[in-house]
Every structure is written in structure tokens, then in C-alpha cells.
Amino acid sequence: MDTLKKYGTDVRIIKEASLFPELDIGRVTLQYNNLYKVATDSGEALAEVSGKLRFDAKKPSDFPAVGDFVMVSRKGGAGNAVIHHVLSRKSIFERTAAGTKVQSQVVAANIDYVFICMSLVSDFNLRRLERYLSVAWSSGATPVVVLTKADLCGDITRRLEETASVAVGAEVVTVSSLDERSYQALFSYLREGVTASFIGSSGVGKSTLINRLADEELLATSDIRSDGKGRHTTTRRELILLKNGGIVIDTPGMRELGVDSADLSQSFADIDTLAGLCKFGDCTHSGEPGCAIAAAIADGMLDAKRFENYEKLKKEARYDGLNAKQIEAEKINAMFGGMGSMKQMRRYAKEKNSRKG
């Protein structure tokens with residue numbers, strides 16, 4: 001069990017695994033479409049899911065993902081190992097599955113920290129950071145904001161103040177490729193058996209950062225394009241065991257980052273607090289008297305753009321995962337309240353159809 005302890009196996013996993021005494025514990029370290037690489041006490045092995053697991057799976061998230069602890073059987077060295085069960089996840093990072101707006105796909109599982117990487121130069125975007133933070137909090141892991149390329153930033157103090165204004169409850173770390181010491185702060189999180197996932201836009205330096213932490217060139221890196229945007233170099237998710245015992249998971253740029261289960265109350269705790277101070281409990285913050293949100297914006301205590309992004313993410317969280325008809329029904333309910341007036345709803349539908357014609 002010594003090898004698996006390095007991969008994060010704990011009392012929770014061992015207890016659950018005891019329900020399957022005929023099988024071995026493994027942790028998924030790499031995924032190649034329908035084929036996996038699994039670390040076990042007897043070494044790494046390629047593995048595939050069992051026919052029963054495949055038959056019982058109802059959605060993409062039922063299949064193993066990088067970081068999952070699984071129960072496997074070995075075939076005495078002949079052929080691939082077989083994954084029979086996925087053990088319960090203490091945290092998951094997921095996105096909308098490719099080609100669908102209904103089901104989610106697990107990007108990484110059993111994460112302790114989510115390192116949200118954002119460049120201090122061309123990639124710096126507070127609205128995007130708010131989105132990442134919302135999804136990171138909902139994963140069950142603890143987000144840490146990692147601001148990269150500090151050597152290229154002309155005003156780090158201002159950038160840190162701006163970041164702190166939206167990264168409520170999350171710690172912020174700055175790193176520079178020219179300063180080896182700046183990376184040491186991350187080792188305070190990456191102890192033996194602790195898993196961190198790296199997310200962020202393409203080209204912000206995630207691969208460079210992981211190579212520095214691993215003290216070897218494990219992942220390919222590339223230069224920034226001529227238009228200032230990053231080239232994405234990671235094409236697969238991979239769990240990497242660091243020399244100090246920490247564990248990192250590199251993830252490709254998440255273009256389909258959904259917010260259907262995002263924890264807005266955590267990432268926008270300041271707005272939730274202000275909303276509780278409004279004169280009316282059902283205040284919509286759109287002109288009612290005694291609105292604490294409007295007062296905070298007028299006084300400069302709350303950035304209007306931050307509140308606009310909060311409202312935008314709330315709408316996305318409401319509609320994400322719904323088909324066109326369901327979204328339309330939600331809009332009608334929002335317009336007319338609850339079930340609304342059937343006459344109003346029919347009139348709205350008739351007018352909408354006439355506009356199509």
C-alpha cells in the first residue's frame with residue numbers, strides 16, 4: 001500500500017475498497033479515450049472498463065476519469081487490467097460533455113486544490129476569473145489563484161488588488177519563470193498524497209509551472225502567438241507524481257466550462273451579503289427602493305461589471321443543461337412568475353411564432 005499512499009490513498013478509500021476484497025485498488029493517472037493507465041501497488045498498467053460497468057453507466061460522468069480511485073483485476077500480465085468499480089469521489093471538476101448541453105464530463109476527480117492559472121499580462125481578465133472561481137468552489141476542492149508571468153507585469157500591486165476584489169476566500173500566489181523562488185510557495189500546498197488540478201486559458205504557463213514543480217521537462221511548452229494569445233500544448237489529462245510526493249493533474253484548456261453547478265454563493269459572497277441588506281426580500285436589484293446592491297454600486301463599494309457578471313452567471317446556471325423548449329419555458333416563468341397566466345403565456349408564444357414567420 002506504500003505506492004498507493006503516495007497517490008493519495010487514505011482511510012476513506014481503503015474502507016470503501018474493503019467491500020471488494022477480490023480486487024485491487026488503483027488510481028487513474030492517464031486517459032486515452034476508452035483506455036486508461038492505472039497506478040497500483042504492483043505498478044502501472046493499462047486498463048479498460050468492464051462490460052458490466054459500461055452497461056450500467058447512464059452518463060459520461062459514470063465512467064472513470066483521471067484522479068479516480070478504482071477497483072481493478074489484473075490478468076496475470078496478459079492483456080489489460082479491467083476496471084470494475086469507480087469509488088466515490090470526494091471532489092470532481094467537470095465540464096459540459098462535448099456535443100451536448102445536457103450531460104457533464106468529469107475532467108478530474110479527488111482533487112484537494114484547484115490552481116487557477118491566469119497571466120498577469122495579456123490573459124488577465126477578472127470576469128473570466130470569477131467564472132473559474134465559481135466552478136472551482138463547486139467542485140469540492142479549494143481554489144488557489146496562481147498569477148503567472150509576474151516578470152512581464154508593470155504594476156503587480158494594482159493587479160493583486162484587482163484580483164483580491166473578486167477572489168473572495170481564495171489565496172493568491174504570483175510566480176515568474178525568471179524567479180525559481182516564486183514557485184516554492186506552491187509546495188506548501190503540494191504535500192505527499194495531496195492532489196492539485198491546474199486549469200486556465202491556453203498559453204498562461206500551466207505546463208511551464210508543472211515542469212518547474214516536477215523539476216524536469218515532463219510537458220511540452222510553446223511560445224505566445226504573434227497576436228498575444230497562447231498556444232495550447234496539453235492535449236490530454238494526466239496525473240503526475242512529483243518528487244516531493246505531491247500530485248498534480250494537468251488539464252487542457254476548458255473551452256466548454258459550464259456553470260450549471262457553480263457555487264456562486266461562495267465566489268460572490270459579497271453580493272449575497274449585500275442582497276440580504278435590501279429593504280425587500282424579493283428585491284430584483286433593478287430599481288426598487290432600498291436596494292443595497294444599487295447603493296453599493298453608486299458608492300463605489302461594488303463594481304458594476306462584477307454585479308453584471310454575477311447576473312450573467314446566474315442565468316447561465318439556470319439555463320445550462322436545458323434544451324430549447326425548456327429554456328423557453330424558464331424564460332416564460334421568469335417573465336410571468338411561477339406558472340404565470342396561461343393567457344399571457346399563449347400570447348407570448350403566439351407573438352414569438354409570428355416573428356419567426
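Cut-off values and rules
- Residues numbered from 1 in each chain as written.
- Predicted model: local features only at pLDDT ≥ 70, side-chain atom pairs only at ≥ 80, totals over all residues.
- Heavy atoms only, no water.
- Axes fitted to C-alpha atoms, helices over the stretch in contact; angles between N-to-C directions.
- Helix = DSSP H or I, 4+ residues; strand = E, 2+ residues; numbered from the N terminus.
- Parallel < 35°, antiparallel > 145°, perpendicular 65-115°, else oblique.
- Left-handed = near helix turned anticlockwise from the far one by under 90°.
- Contact = heavy atoms within 4.5 Å.
- Nonpolar A, V, L, I, M, F, W, Y, C, P; charged D, E, K, R; others polar.
- Pairing = 2+ DSSP bridges.
- Buried < 20%, exposed > 50% of the residue type's maximum accessible area, 1.4 Å probe, protein only.
- 1 Å grid on protein atoms, 1.4 Å probe; cavity = no way out; pocket = protein on both sides within 12 Å on 5 of 7 lines; lining within 4 Å.
- Points joined across faces, edges and corners; volume = space filled by probe spheres on them.
- Salt bridge = Lys/Arg side-chain N within 4 Å of Asp/Glu carboxyl O.
- Phe/Tyr/Trp six-rings, centres within 6.5 Å; stacked < 30°, edge-to-face > 60°.
- pLDDT = per-residue confidence, 0-100.

1. Observations regarding the packing of helix α4 (residues 126-138) against helix α5 (residues 156-166)
Here is step 1 of the chain: Packing of α4 against α5 leaves a shortest axis separation of 10 Å and a crossing angle of 40 degrees. Judged on the interaxial angle alone, α5 and α4 are oblique. Regarding α4 and α5, the two cross each other, and that crossing is right-handed. Residues L126, R127, L129, E130 and L133 of α4 form the contact with α5, whose participating residues are E162, T163 and V166.
Here is step 2 of the chain: Tallied by class, the residues present in the contact of α4 with α5 amount to four nonpolar, one polar and three charged.

2. Section: the pairing of strand β1 (residues 24-32)
Here is step 1 of the chain: Where β1 lies against strand β4 (residues 69-73), four bridges are found, and the strand directions are antiparallel. Within the sheet, the bridge partner assigned to D24 lies in β4 and is V72.
Here is step 2 of the chain: Bridge analysis of β1 against strand β2 (residues 35-40) gives five bridges, and the strand direction is antiparallel. Bridge assignment links V28 to a residue of β2, and that residue is V38.
Here is step 3 of the chain: What sits between the antiparallel neighbours β1 and β2 is a turn of two residues, in which N33 has the positive phi angle 50 degrees.

3. Considering the environment of F115
Here is step 1 of the chain: Relative to the elements of secondary structure, F115 occurs in strand β8 (residues 113-119).
Here is step 2 of the chain: Among the residues examined, F115 registers a relative accessible area of 0% and is labelled buried.

4. Observations concerning the layout of surface pockets
Here is step 1 of the chain: Approximately 220 Å³ is the volume found for the second largest pocket.
Here is step 2 of the chain: If you go around the second largest pocket, you meet 14 residues; those closest to its centre are Q31, Y36, P60, F63 and Q105.

5. Brief notes about the pattern of salt bridges
It is possible for side chains of opposite charge to pair when their charged atoms get near one another.
Here is step 1 of the chain: Going through the model one piece at a time under the given rule, you end up with twelve salt bridges.
Here is step 2 of the chain: The shortest N-O distance in the salt bridge between K52 and D56 comes to 2.8 Å. Separated by four residues within a single helix, K52 and D56 lie in helix α3 (residues 51-56), roughly one turn from each other.
Here is step 3 of the chain: We classify D56 as partly exposed; its relative accessible area is 36%.
Here is step 4 of the chain: R127 is paired through a salt bridge with E130; the nearest N and O atoms lie 2.9 Å apart. Here R127 pairs with E130, and both are found in helix α4, just three residues apart, close to one helical turn.
Here is step 5 of the chain: Taken together, the shared-partner salt bridges connect R127, E130, D270 and R306 into one network.

6. Quick notes on the packing of aromatic side chains
Here is step 1 of the chain: For the coordinates displayed, the defined rule picks out five aromatic pairs.
Here is step 2 of the chain: Ring plane angle 70 degrees and centroid distance 5.1 Å describe the contact between Y113 and Y189, whose orientation is recorded as edge-to-face. With Y113 in strand β8 and Y189 in the loop between β10 (171-174) and β11 (195-200), this pair connects stretches of sequence that are 76 residues apart. No difference in accessibility class separates Y113 from Y189, as the two residues are buried.
Here is step 3 of the chain: A centroid spacing of 5.8 Å and a plane angle of 75 degrees characterise the contact between F115 and Y189, whose relative ring orientation is edge-to-face. Taken together, the residues span a long stretch of sequence, with F115 in strand β8 and Y189 in the loop between β10 and β11 at a distance of 74 residues. Both residues of the pair, F115 and Y189, count as buried.

7. Looking at the confidence of the model for the protein chain
Here is step 1 of the chain: Of the residues in the protein chain, 74% reach a pLDDT of 70 or more, and the chain-wide mean stands at 79.
Here is step 2 of the chain: Within the model, pLDDT remains below 50 along residues 222-234, and this stretch shows 27 contacts once partners closer than five positions in the same chain are excluded.

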